[in-house]
Amino acid sequence: MTRRTTAHLFASVNGVVEAPDRFQFGAFGPEEGQMMGRALASVTDVVIGRKLWEEWSRYWSGADDPFGAFINPVRKHVVTSTLTGDIGWNSTVIEGDPISYVRNLQEQGEGEIAVVGGIETIRSLFLAGVIDALTLTVHPVVTNEGRRLFDESVPLTRLTLLEGVTTSVGNAVLTYGLRR
């Protein structure tokens, strides 16, 4: 049985996903927190890019809050061409092609796999059909500072809306899959 693989990003209305702390402002309410909690409850493995892994390992290791309680013990699989060997923080370096690695990971173990970043990692795994559900929490803001998940390098790609809700703080939480 193939394990479900998901990704979740915060986005502006015009598609910027980089550094959401620059545009989220106060638009993260209790509904968003509850949705995140439900989404992470069954995750046993996380796929993460090197830059984000380095940031998070410095910040979250030892953090005593709900996200720290999740991210610290979960198994982390790091997409990197520079890190090698035992990198600590319950992490494994992905050797070889990340798409093949995640497909193999999907066939082993239990629980869901969450791809948490970076942008290129999520983009390539989603477009390769490895990510089953991509959730975008779209904040009611337009910004031109930052990278987009689907930039001009992405060819025409059809998606299927799997779920969509609007929260009380005005975010649209949209979950997509590739149209097959």
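Values in this document were obtained by computation on a predicted structure and should not be read as measured data.

The rules behind each value
Residues numbered from 1 in each chain as written. Predicted model: local features only at pLDDT ≥ 70, side-chain atom pairs only at ≥ 80, totals over all residues. Heavy atoms only, no water. Helix = DSSP H or I, 4+ residues; strand = E, 2+ residues; numbered from the N terminus. Buried < 20%, exposed > 50% of the residue type's maximum accessible area, 1.4 Å probe, protein only. Contact = heavy atoms within 4.5 Å. Polar contact = N/O pair within 3.5 Å; in protein donor to acceptor, adjacent residues only side chain to side chain. Pairing = 2+ DSSP bridges. Axes fitted to C-alpha atoms, helices over the stretch in contact; angles between N-to-C directions. Core = buried A, V, L, I, M, F, W, Y, C linked by side-chain atoms within 4.5 Å.

1. Observations regarding the environment of Thr167
Argument step 1. By the element assignment, Thr167 lies in the loop between β7 (159-166) and β8 (172-178).
Argument step 2. On the basis of relative accessible area, Thr167 is assigned to the buried category, the value being 6%.
Argument step 3. Taking C-alpha positions, Thr167 is 29 Å from Ser124, a pair spaced 43 residues apart along the chain.
Argument step 4. Not counting residues up to four positions away in its chain, the partners in contact with Thr167 are Glu31, Glu32, Met35 and Val173.
Argument step 5. At 2.5 Å, the side chain of Thr167 forms a polar contact with the side chain of Glu32.

2. Here's the deal with the sheet that holds strand β1 (residues 5-12)
Argument step 1. Reading across the sheet, the eight strands line up as β4-β3-β2-β5-β1-β6-β8-β7 and stay open at both edges, with mixed pairing between neighbours. Two strands lie at the open edges of the sheet, namely β4 (91-94) and β7, each paired on one side alone. The sheet shows a mean angle of 25° between the axes of neighbouring strands, direction not considered.
Argument step 2. Looking at chain direction, β1 and strand β6 (residues 133-139) are connected through seven bridges and run parallel. Residue Ala7 lies in a different strand from β6, and its bridge partner there is Leu134.

3. What to know about unusual backbone geometry
Argument step 1. Look at the link from Gly117 to Gly118: it is a cis peptide, with omega at 0°.
Argument step 2. Positive phi, close to 50°, is recorded for Ala19, a residue that is not glycine.
Argument step 3. Along the polypeptide, Ala19 turns up in the loop between β1 and α1 (30-40).

4. Let's talk about the nonpolar core
As a rule of thumb, soluble globular proteins bury nonpolar side chains together.
Argument step 1. One finds Val47, Val115, Ile122, Leu125, Ile131, Leu134 and Leu149 to be the most contacted residues of the largest nonpolar core, which totals 22 residues.
Argument step 2. Taken together, the elements giving at least two residues each to this core come down to β1, α4 (98-106), β5 (112-117), α5 (119-127) and β6.
Argument step 3. Ranked by residue count, the leading element in this core is α5, at four residues.
Argument step 4. Leave out the neighbours within four places in its chain, and Val47 touches His77, Val79, Ile94, Val102, Leu105, Ile113, Ala114, Val115, Val116, Gly117, Thr121 and Leu125.
Argument step 5. The next biggest cluster of nonpolar side chains, apart from the first, holds 17 residues, and it includes Val46, Leu83, Ile87 and Val93.

5. Let's talk about α5
Argument step 1. Considered for burial, the residues of α5 that qualify are Ile119, Thr121, Ile122, Arg123, Leu125 and Phe126.
Argument step 2. Gly129 sits one or two positions beyond α5 and adopts a positive phi of about 80°.

6. Topic: the pairing of β1
Argument step 1. Counting buried residues along β1, seven of its eight residues qualify, which places the element largely inside the surrounding structure.
Argument step 2. Bridge count between β1 and β5: three bridges; the pairing is parallel. Each residue of the ladder has a partner; that of Thr6, found in β5, is Ala114.

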